[in-house]
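# A look at the structure
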Amino acid sequence: MQSKAIKKAKELLENEELVAIPTETVYGLAGNAYSTIAVKKIYELKGRPSNNPLIVHIKSRAYLDQVAQNIPEQAYKLAETFWPGPLTLVLEKQDRVPALVSAHKNTVGVRVPNHPLTLNLLEALDFPLVAPSANTSNHISPTCKAHVQASFGEKSPYVLDGGPCEAGLESTILGFKGSEILLYRHGVLSKELLSAFLGQEIVEHTHAPVPESPGMFLKHYAPHTPLYFYDDNAFKAAQEKNLRIGFLNFRAINPYINPENQRILSPLGSLEEAAKNLYRLLYELDALGLDLIFAEQLPPHGIGKAIHDKLYRASQK
Ligand code: TXA
Ligand code: MG
């Protein structure tokens, strides 16, 4: 049975309007993937450069052949195990996917999102959805309805409210070149885990000079308040200047700073919990109007690598 909210989202999408949808990673700004009108609206509302392609969200693995072709065996294997889930596969595009979706490349990013509401919605539609994260370009990705609305203000689309996102970080993006498998973006599923699953070393390709996947751009996912990785000297210098300092800590409060200006990613020291809280807490710190934010470095294994990558891209260089 379709809920009222899903009916409303369906109607808007069928009329080439946009809807913000919940996924297990972050909220997406969704439109009909086969409608250039809807796709244009996404680029406009996000203020996204037109050379940055969008991910196509399909209802199930069985739909993959409709949007991609010449699919490598390894891609099927990954899809079988990790879909629905936080893994995007970059594959050769089918002609029916508009060039605007793929920024005129011959590839398309595809995934099956893992959220019951969005899966119900996709089931009710006869087209897939393109959905970049539902934030204005280069800002923090939203992990709840309120942050979608904060990002777009009066221009906010209808939000299908699915509660806070389970994982809180974007999907991992993989591509295929000959027999090589490339990692385009760190995400929820770690490179170690995927390499072990495939029995093949995945080649990191996240800092190419000409980004093939603009998630590679160095300035990305940033709060408005300048963010730095914690450093003793920089911290002392900021204190001497009487700057208003915020802290994004892994496990514990810094005793030298007003606790109101601090957030803790995971009191128990769980990297999964830290990922889930990362964008929400960055949003909260950003809203305090501080002079700068110091972020603690996290252990660089598993999903910690993706958290570090997001913080690095958000930080002042
Ligand atoms: O978790 C996610 O992937 C979320 C949710 C909403 O699904 N979506 C998301 O979309 O993060 P977005 O647009 O914020 O990031 C998509 C990334 C960009 O870095 C884009 O460059 C890359 O995917 N991408 C999309 N299509 C590509 C392609 N054909 N080749 C290379 N990179 C591609
Ligand atoms: Mg994004």
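Report on the accompanying structure. (Residues numbered from 1 in each chain as written. Chains lettered and ligands numbered in written order. Predicted model: local features only at pLDDT ≥ 70, side-chain atom pairs only at ≥ 80, totals over all residues. Heavy atoms only, no water.)

### Focus: the sheet that holds strand S15 (residues 292–295)
The strand order across the open sheet built from four strands is S12-S15-S13-S14, with neighbouring strands paired in parallel fashion. Looking at which strands have only one partner, the edges of the open sheet turn out to be strand S12 (227–229) and strand S14 (262–264). Neighbour to neighbour, the strand axes of the sheet diverge by 20° on average, direction disregarded. Strand direction decides the pairing type here: S12 and S15, joined by three bridges, are parallel. By the bridge assignment, Leu227 is partnered in S15 with Ile293. Across the sheet, helix H10 (residues 304–314) is in contact with S12, strand S13 (245–249) and S15; its angle to S12 comes to roughly 130°. (Pairing = 2+ DSSP bridges. Helix = DSSP H or I, 4+ residues; strand = E, 2+ residues; numbered from the N terminus. Axes fitted to C-alpha atoms, helices over the stretch in contact; angles between N-to-C directions. Contact = heavy atoms within 4.5 Å.)

### Description of the side chain of His147
Its location among the elements puts His147 in helix H6 (residues 145–152). For His147, a relative accessible area of 12% translates into the label buried. Filtering out sequence-adjacent residues up to four positions away, His147 remains in contact with Pro142, Arg280 and Tyr283. (Buried < 20%, exposed > 50% of the residue type's maximum accessible area, 1.4 Å probe, protein only.)

### Section: helix H2 (residues 36–46)
Buried within H2 are the following residues: Ala38, Val39, Ile42, Tyr43, Leu45 and Lys46. Where H2 is buried, its residues contact strand S2 (28–32), strand S7 (129–130) and H6. A positive backbone phi angle near 70° is found at Gly47, which sits one or two residues after H2.

### A word on the packing of helix H1 (residues 4–14) against helix H5 (residues 116–124)
The contact between H1 and H5 brings their axes to 10 Å, and the two run at 50°. Comparing the axis directions of H1 and H5 gives the class oblique. Crossing hand, H1 versus H5: right-handed. Residues Ile6, Ala9, Lys10 and Leu13 of H1 form the contact with H5, whose own contacting residues are Leu117, Asn120, Leu121 and Ala124. The residue inventory of the contact of H1 with H5, partitioned by class, reads six nonpolar, one polar and one charged. (Parallel < 35°, antiparallel > 145°, perpendicular 65-115°, else oblique. Left-handed = near helix turned anticlockwise from the far one by under 90°. Nonpolar A, V, L, I, M, F, W, Y, C, P; charged D, E, K, R; others polar.)

Fair warning: the whole summary comes from geometry, so function is off the table for now.
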